Each structure stands twice: as structure tokens, then as C-alpha cells.
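Working through the structure, step by step
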Amino acid sequence: MPGTSVLTISSDRLFSDSEFGQRVLREFEAEGALLAEENERIVDELSREEKDLTEKRASMQPGDFRPLAEAFDNKVQSHREGQRAKLDALSRQSEEARQKFYELVQPILIDLLRETGASVIIERSNVFLSSDRTDITDTAIARINTVIGDGSGLDPQTSE
């Protein structure tokens, strides 16, 4: 690393291989699994309700059936919108946790920049060709793990 003015880093690996990133990914994976289970349960309930409604249709007048069918369609649409909103919220929370991570690691990266005497850190995926010795990702991850660990005690928002 010393002797180069340009360093490279993989920001994706920085996050995903750090203790902080691994904790966040586990938490959001668990939340996603719970959401999927809830969705499956609701879909099963709606399927049963649809089957019951289909069976009732044969013995009902069209005018009596139509409001029931419309109410069911509204319920299905409401479910879809609700689940979509929950997925969007989960995605936003994940992105916010990632942004918080990059805010927390900035001082660590600045220290690495100063220690090496480099003038810039560039995203590794944007570099056409470089020596592996310019990549500080592993060094940065080790330093981040030492300084902030999994981050669970830093900010209550990041552990939701």
C-alpha cells in the first residue's frame, strides 16, 4: 500500500463482509422471511375465500353475487398494496442501514488514506486495471470490525 497515491476498495465487499453488514443482512433476511410467511398465509386464506365465493356463485343471483365479488377483489387489491408497502419499507430500511454504515466507516477510511499517504480511494469495480496491492478492502474490513464491530450498540435504528 505505501508508495501509491491511489487506493481501491470494493464497497460491496466492505459492507457484506464486515460484521456490521453481515448483521444487517441477517436481520433483513429474517424480516423478509417473516414477510414471505405472512404473505403465504394470507394468500392461502384468500384462496380458500375465493373457493367459497366460487361455490356460492352457483346458487346466487348475479345482482347478489356482484357486491361479494367486488368486496373480495378489493380485499385482494388491499392485500397486494399492503404487502408491497411492507416490502418497500423493508427495502428503504435496508438502504438506510447501508447508508449509516458508510457514514460510520468514512472516518476509518480517511485514517487509512492518511496512513498510506494516498490521495484518493476509488471503487475497485470502476478501475480498468490495477495492482492488487492497491486494494485496501480487507484491511478496511478488519479495521471496521475492530472499531464498530457489528454496530448493534451504536444506533438503535440500524438494529431494527
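See above for the structure.
Residues numbered from 1 in each chain as written. Predicted model: local features only at pLDDT ≥ 70, side-chain atom pairs only at ≥ 80, totals over all residues. Heavy atoms only, no water.

1. Section: the pattern of salt bridges
Which entries qualify depends on this criterion: By convention in these notes, a salt bridge is any Lys or Arg side-chain nitrogen within 4 Å of a carboxyl oxygen on Asp or Glu. Strands here mean DSSP runs of E at least two residues long; helices mean DSSP runs of H or I at least four residues long; both are numbered from the N terminus.
Within this structure, the stated rule accounts for nine salt bridges. The shortest N-O distance in the salt bridge between D135 and R124 comes to 3.1 Å. Pair noted here: D135 is in the loop between strand 2 (120-123) and helix 4 (137-147) and R124 is in the loop between strand 2 and helix 4, with a separation of 11 residues, a long-range link. Counted as one network, the salt bridges with shared partners bring together R13, D17 and D138.

2. Quick word on the packing of aromatic side chains
To keep things clear, this is the line we draw: What counts as a ring pair is set by centres within 6.5 Å for rings of Phe, Tyr and Trp (its six-membered ring), and what kind of pair is set by the plane angle: stacked under 30 degrees, edge-to-face over 60, tilted for all other angles. A positively charged side chain is recorded as over a ring if its NZ (Lys) or CZ (Arg) lies within 6 Å of the ring centre. The angle to the ring normal must also be within 35 degrees.
Summed over the entire model, instances satisfying the criterion amount to four aromatic pairs. These aromatic residues form a ring-pair network of at least three members: F15, F20, F101 and Y102. The ring centre of F20 lies 5.1 Å from the NZ or CZ of R23, which sits over that ring.

3. Description of the environment of D150
Definition in use: Between buried and exposed lies partly exposed: a residue is buried under 20% and exposed over 50% of the maximum accessible area for its type, with that area taken using a 1.4 Å probe on protein chains only. We call two residues in contact when some of their heavy atoms are within 4.5 Å.
Mapped onto the elements of the fold, D150 is located in the segment after helix 4. With relative accessibility at 27%, the residue D150 sits in the partly exposed group. Between the C-alpha atoms of D150 and Q22, which are 128 residues apart in sequence, the distance is 7.6 Å. Not counting chain neighbours up to four residues away, the residues in contact with D150 comprise E19, F20 and R23.

4. Some words on the packing of helix 3 (residues 62-116) against helix 4
What counts, and what does not: Axis geometry follows a simple rule: fit a line to the C-alpha atoms, using only the stretch in contact for helices, then measure angles between N-to-C directions, giving values from 0 to 180 degrees. Note on terminology: angles under 35 degrees are roughly parallel, angles over 145 are roughly antiparallel, angles of 65 to 115 are roughly perpendicular, and the others are oblique. Left-handed is the label given to a crossing in which the near helix is rotated counterclockwise from the far helix by less than a right angle, and right-handed is the label when the rotation is clockwise. In this count, Pro and Cys sit with the nonpolar residues alongside Ala, Val, Leu, Ile, Met, Phe, Trp and Tyr, while Asp, Glu, Lys and Arg are called charged and the others, Gly among them, polar.
For the pair helix 3 and helix 4, interaxial distance at closest approach is 10 Å and the crossing angle is 120°. Considered as vectors, helix 3 and helix 4 are oriented oblique to each other. For the crossing formed where helix 3 meets helix 4, the hand is right-handed. Along the contact surface, helix 3 presents F101, V105, I108, L109, D111, L112 and E115, while helix 4 presents T139, A140, R143, I144 and V147. In the contact of helix 3 with helix 4, the residues fall into eight nonpolar, one polar and three charged.

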